[in-house]
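One-letter residues, chain by chain:
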Amino acid sequence: KSSLINCGLANKFQDTDWLPVVIRRGSNIVESLAAGISAASLTKQSSLVNPSDFKKGVRSLYLDHYKPVFFIFAQFEELFIFGDKEERRSFIHIVKSLTESDLQCRMIFVMREEYMAAVTEFEKFIPTFFSNRVRIEKMSHRNALEAIKEPCKAFNINLEEGFAESLLEKLSPGETDVELTYLQ
């Protein structure tokens, strides 16, 4: 999932079109978001604690780079696995504040499907939270073969005859589709 965002989506933007800031929860998602903003900033950031601090920090980050800021929350399900109610509540208020502002700021939440129901907690405060989502499906064997062979061809990497087919059979024995995470 994160690879698709970092490679696939990133390739759709020019370097001048966006400023991607990848955030993983770590020990606390609010602290990790503050650290991500500080790391990407050119100017020194003051302490980021409450929603108005984060709005100021993101505005400063935008002015540092003059690019829309895209926060990519990788492994977002970790908030629901390891986070407590207070951490989620604080984060929801920050997200709500940022999404309701006039800032050039977007957010992409990357998570495993089985945790989607947990996001309903966000919808109570941000009704549009689920309004734009993409589900990554399995890949057909034909497309998976191309995903293996074409990059190798582009970089002059020779594959043994039947390697790609054998690999797919080992990844998904007897199946007509393959999970993208297996191809990774």
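Being a predicted model, the structure only gives us computed values, none of them experimental.

Caption draft 1: The arrangement of the sheet that holds strand 2 (residues 69-73) in detail. The three strands lie next to each other as 1-2-3, forming an open sheet whose pairing is parallel. A strand with exactly one partner marks an edge of an open sheet, and here the two such strands are strand 1 (19-23) and strand 3 (105-109). Put simply, the sheet's adjacent strands are angled 20° from each other on average, direction ignored. Here strand 1 runs beside strand 2; their pairing, made up of five bridges, is parallel. Directly across from L19, in strand 2, lies its bridge partner V69. Packing of helix 2 (residues 29-40) onto the sheet brings it into contact with strand 1 and strand 2, and relative to strand 1 it is tilted by some 145°. Contacts from helix 5 (residues 85-99) reach strand 2 and strand 3, with the element oriented near 135° to strand 3.

Caption draft 2: Expanded view of helix 2. Between its first and last C-alpha, helix 2 extends 16 Å over twelve residues, near the 16 Å set by a 1.5 Å rise per residue. What helix 2 keeps buried is the set I29, V30, S32, L33, A34, G36, I37 and A40. Turning to helix 2, the residues buried within the fold contact strand 1, helix 3 (51-65), strand 2, helix 4 (78-82) and helix 5. A distance of 2.8 Å separates the backbone nitrogen of V30 from a side-chain oxygen at the start of helix 2, and that oxygen is part of N28.

Caption draft 3: Quick peek at the nonpolar core. Judged by nonpolar contacts, the single largest core of 33 residues is most densely connected at L33, F71, F73, F76, F91 and F122. Every element with two or more residues in this core is listed here: strand 1, helix 2, helix 3, strand 2, helix 4, helix 5 and strand 3. Looking at this core, the element that brings in the most residues is helix 2, giving six residues. Setting aside residues no more than four positions away along its own chain, F76 makes contact with I29, F91, F109, V110, M111 and F122.

Caption draft 4: Focus on a nonpolar patch on the surface. Together, F155, I157, L159 and F163 make up an exposed nonpolar region whose accessible area comes to about 400 Å². Tracing the backbone through its elements, the reader meets F155 in the loop between helix 7 (141-154) and helix 8 (163-171). Taking relative accessible area as the criterion, F155 reaches 64% and is therefore assigned exposed.

Caption draft 5: Quick look at the packing of helix 2 against helix 5. At a minimum axis separation of 9 Å, helix 2 and helix 5 run at an interaxial angle of 40°. As far as their axial angle goes, helix 5 and helix 2 are oblique. For the pair helix 2 and helix 5, contact is made by I29, V30 and L33 and by E87, S90, F91 and I94, respectively.

Caption draft 6: Layout of the packing of aromatic side chains. As enumerated under the stated definition, the model contains 15 aromatic pairs in all. Look at F71 and F73: their rings are 6.3 Å apart centre to centre, the planes differ by 35°, and that puts the pair in the tilted class. A residue is classified by how much of its surface remains accessible, and F71, at 1% relative accessible area, is buried. A ring pair is formed by F122 and F129, whose centres lie 4.9 Å apart and whose planes are at 45°; its orientation type is tilted. Judged by its relative accessible area of 16%, F129 is buried. Site record: aromatic cluster; members linked through ring pairs are F71, F73, F76, F80, F91, F109, F122 and F129.

Caption draft 7: Layout of the packing of helix 3 against helix 5. Put simply, helix 3 and helix 5 touch, their axes get as near as 9 Å, and they point 50° apart. Looking at the two axes, helix 3 sits oblique to helix 5. By crossing handedness, the relation of helix 3 to helix 5 is classed as right-handed. Seen from helix 3, the contacting residues are P51, F54, K55 and V58; seen from helix 5, they are H93, I94, S97 and L98. When the residues that make up the contact of helix 3 with helix 5 are grouped by side-chain class, the tally is five nonpolar, two polar and one charged.

Parameters and conventions
- Residues numbered from 1 in each chain as written.
- Predicted model: local features only at pLDDT ≥ 70, side-chain atom pairs only at ≥ 80, totals over all residues.
- Heavy atoms only, no water.
- Pairing = 2+ DSSP bridges.
- Helix = DSSP H or I, 4+ residues; strand = E, 2+ residues; numbered from the N terminus.
- Axes fitted to C-alpha atoms, helices over the stretch in contact; angles between N-to-C directions.
- Contact = heavy atoms within 4.5 Å.
- Expected span 1.5 Å × (residues − 1).
- Buried < 20%, exposed > 50% of the residue type's maximum accessible area, 1.4 Å probe, protein only.
- Polar contact = N/O pair within 3.5 Å; in protein donor to acceptor, adjacent residues only side chain to side chain.
- Core = buried A, V, L, I, M, F, W, Y, C linked by side-chain atoms within 4.5 Å.
- Patch = residues over 30% accessible without salt bridge, like charges linked within 9 Å, V, L, I, M, F, W, Y side chains within 5 Å.
- Areas by Shrake-Rupley, 256 points an atom, 1.4 Å probe, with all protein chains shown as cover.
- Salt bridge = Lys/Arg side-chain N within 4 Å of Asp/Glu carboxyl O.
- Parallel < 35°, antiparallel > 145°, perpendicular 65-115°, else oblique.
- Phe/Tyr/Trp six-rings, centres within 6.5 Å; stacked < 30°, edge-to-face > 60°.
- Left-handed = near helix turned anticlockwise from the far one by under 90°.
- Nonpolar A, V, L, I, M, F, W, Y, C, P; charged D, E, K, R; others polar.

Without other data, these values stay purely geometric and don't point to any function.
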